Amino acid sequence: MDQQTAPLTLAAAKRELLDALTSIRSVHTIQSYQFPLQSLCDFLGNEVRVDQVTLHDLRRWRSAEAQRTERWRHHPSRPPQKGPLSPTTLHDYVSAVRHFFHWLEDEELIAKNPARRLELPPLPDEPPKGISPAEVERMLRAAEDNPRDYAMILFLADTGARVGGVAGLRWKDVSLRDKSATVREKGRGGNRKSREVYFGARTQAALERWQRETGSKGPVFIAQGTNSSGSALTEFGIYQALKRTAQRAGVKEHWNPHAFRHGFAREMSKRGVSLALVAQFLGHRDPTVTIRSYARFANHELQRVHDRYSWLDAPP
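This section reports on the structure supplied with the text. (Residues numbered from 1 in each chain as written. Predicted model: local features only at pLDDT ≥ 70, side-chain atom pairs only at ≥ 80, totals over all residues. Heavy atoms only, no water.)

Notes on the packing of aromatic side chains
Counted by the stated rule, this structure contains six aromatic pairs. Plain terms: the ring middles of Phe100 and Phe101 are 5.0 Å apart, the flat faces sit at 70 degrees to each other, and that makes the pair edge-to-face. As far as the burial class goes, Phe100 and Phe101 line up, both buried. Note on Phe236 and Tyr239: the rings are 6.1 Å apart at their centroids and 10 degrees apart in plane angle, and the pair reads as stacked. With a gap of three residues between them, Phe236 and Tyr239 both fall in helix 9 (residues 235-249), about one helical turn apart. Overall, Phe236 belongs to the partly exposed group, its relative accessible area being 26%. Its relative accessible area of 9% is what places Tyr239 among the buried residues. Taken together, the aromatic side chains of Phe155, Phe199 and Phe221 make up a single cluster linked through ring pairs. (Phe/Tyr/Trp six-rings, centres within 6.5 Å; stacked < 30°, edge-to-face > 60°. Buried < 20%, exposed > 50% of the residue type's maximum accessible area, 1.4 Å probe, protein only. Helix = DSSP H or I, 4+ residues; strand = E, 2+ residues; numbered from the N terminus.)

If you want it as structure tokens, here you go:
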């Protein structure tokens with residue numbers, strides 16, 4: 001580290017990292033650092049020097065986050081809610097802070113990395129919580145009088161697309177004849193990557209019904225009005241639409257946009273689709289991500305698979 005350069009404060013170092021990521025990583029990736037680093041600034045103080053932060057400080061911060069009683073404290077669109085951070089979110093927060101100090105060390109902004117021995121909280125040893133087929137049907141019944149939401153629920157459940165891809169979907173990207181669509185999802189530098197997703201006849205019919213009301217130009221899922229001049233529904237708008245439908249349907253959890261993606265992957269794999277194909281459907285470049293997330297089943301699911309395929313119970 002250049003001895004003539006004044007050590008950065010924690011707040012200034014946070015800005016340095018976020019500036020370094022801008023135009024290189026997606027907005028979602030930048031936010032994944034912004035929230036935990038803001039939490040660290042709130043806990044230790046914006047003006048504390050990064051070269052004075054100790055491992056003990058970081059462990060105290062991690063302990064405070066583990067005992068937090070409010071979620072979404074710094075979220076740009078969601079209001080704060082009572083409740084602890086999930087084990088996955090806590091793991092991601094600590095991982096982001098570890099990466100932050102590793103970056104400071106690589107940039108020679110600190111001489112020693114205090115987060116080198118900061119342990120990651122364990123991830124829950126259970127599969128992601130996806131929406132069930134029965135819950136999807138309940139939400140569809142609740143949305144029967146709303147063609148937009150009905151088509152949107154089916155599209156989410158049938159394609160496994162990320163919410164960003166659904167929010168950005170335009171009619172020119174949809175081939176109703178081929179039952180496929182091009183979605184643009186997360187990518188480096190905010191440049192969303194294109195990939196193809198597929199849907200069945202039921203979703204095709206729902207999209208055709210919605211298209212007749214809106215026309216075939218502009219965004220597929222519009223925020224207001226029923227014509228092609230409506231603005232695209234945002235990711236938060238999709239979240240709110242699903243929340244309202246879930247409340248009407250009596251679905252109390254696992255209704256958020258990503259739960260549909262989890263449900264898609266789980267149900268595909270349970271129906272015998274190989275994890276390699278599930279990875280392709282999900283747009284995972286690395287199949288190990290799919291295996292880590294979806295190759296785990298509950299005990300009762302394992303029992304059913306064993307009953308079906310046991311080699312000892314099979315007729316000779």
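Overview of the nonpolar core
Among the nonpolar cores identified, the biggest contains 40 residues, and Met139, Phe155, Val174, Leu207 and Phe221 are the most heavily contacted of them. Breaking this core down by element, the ones donating at least two residues are helix 5 (133-142), helix 6 (147-159), helix 7 (163-167), strand 4 (180-185), helix 8 (201-214) and helix 9. Among the elements that line this core, the one with the most residues is helix 6, at seven residues. With residues up to four places along the chain from it excluded, the contact list for Phe221 reads Arg148, Ala151, Met152, Phe155, Val166, Leu169, Leu207, Trp210, Ser231, Ala232 and Leu233. One finds Leu8, Leu21, Ile30 and Leu58 within the second-largest nonpolar core, a separate group that totals 31 residues. (Core = buried A, V, L, I, M, F, W, Y, C linked by side-chain atoms within 4.5 Å. Contact = heavy atoms within 4.5 Å.)

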